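What the coordinates show
Single-letter residue listing:
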Amino acid sequence: MKRTSSFAITSIIILILSFSKASAHKSTRPILYPYGTIGNNRPCFIWKDIYNQRDKIHNVKYRITIKTNEDKEIRPILFTPNLYYKSFYVFEFPEHLPNDDYTYTIERIVDNKSINSKHFHYLNYPIIEKFIINTDELNESDNLTPQDLIKYLQTDKYNRLINGYNFIFFGTSGIVTFGIGMLFLKVIDLGLISNIITVISFTSSAIGISAAGYYGYKYIDGKRELHRIVELDKGISLNGDINNDNIDIEIELTF
């Protein structure tokens, strides 16, 4: 029993540390790409604009400005983004960029003026984000088509927000209550009170560790789904509508 408990707790701690490292990017923000380190030197810029229908009645363009870490500016580009899945704007950069650290700014231009309008509830234009290009560190998602890259980003975000954070919550509570139970079992002796606290703690720990195991499995299964998206993209082009609109709703409700 002790070996089983120790193995379960050790496994949970390892997965928590692994998940925390993988979730360094701001999980509660809408999808914005690229970020972190990518291996594609001709990146695809993706952002969510839930008010995009307004662009049909205005003379709207968008402008992207990219700067290197040394503040060297890549020429600004005025463009009309492509719309995917009703709310995602996509711009495929027309040039190859060298390995470097970059900051990019996306502005909404109406009648030749940069407008500070909203693109997602509390977030306004201009959009500003940083990323790094290192072609020696190619991610499995770097060469996906825009459609499949959005699916990949959606699935990854849902997996972290729902499965990953539930795993951390239940795993941490299971470990903490197990520690409390051991404390009252081995160290603190208050008679009947210690016995009651020990039973409650170990029961809570068992429930927490079981729930963590479930969400840990779902998190790992989500990682497999990401890999399946990459493999499908390599074989065929999927042009159908996205199937996880409900995921969008669930993600937005967590903000």
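In the block above lies the structure referred to throughout.
Quick caveat, the model's predicted, so the values are computed rather than measured. (Residues numbered from 1 in each chain as written. Predicted model: local features only at pLDDT ≥ 70, side-chain atom pairs only at ≥ 80, totals over all residues. Heavy atoms only, no water.)

**Quick look at the pattern of salt bridges**
Within this structure, the stated rule accounts for six salt bridges. Among the salt bridges present, the one from D55 reaches R108, with a minimum N-O distance of 2.8 Å. In this pair, D55 sits in the loop between β3 (44-48) and β4 (60-68) while R108 sits in strand β8 (residues 100-110), placing the two residues 53 residues apart along the sequence. With respect to class, D55 is no different from R108; both count as buried. One salt bridge connects E107 with R63, and the closest N-O pair in it is separated by 2.9 Å. Of this pair, E107 sits in strand β8 while R63 sits in strand β4, and the two are 44 residues apart along the sequence. On the accessibility criterion, R63 (29% relative accessible area) is partly exposed. (Salt bridge = Lys/Arg side-chain N within 4 Å of Asp/Glu carboxyl O. Helix = DSSP H or I, 4+ residues; strand = E, 2+ residues; numbered from the N terminus. Buried < 20%, exposed > 50% of the residue type's maximum accessible area, 1.4 Å probe, protein only.)

**Some details on unusual backbone geometry**
A cis amide bond, omega 5°, links Y33 with the succeeding residue P34. One can find P34 in the loop between β1 (32-33) and β2 (36-38). The residue after Y125, namely P126, is reached through a cis peptide bond having omega 0°. For P126, the position within the fold is in the loop between β11 (123-124) and β12 (127-133). One non-glycine residue, N112, lies in the positive phi region at around 70°.

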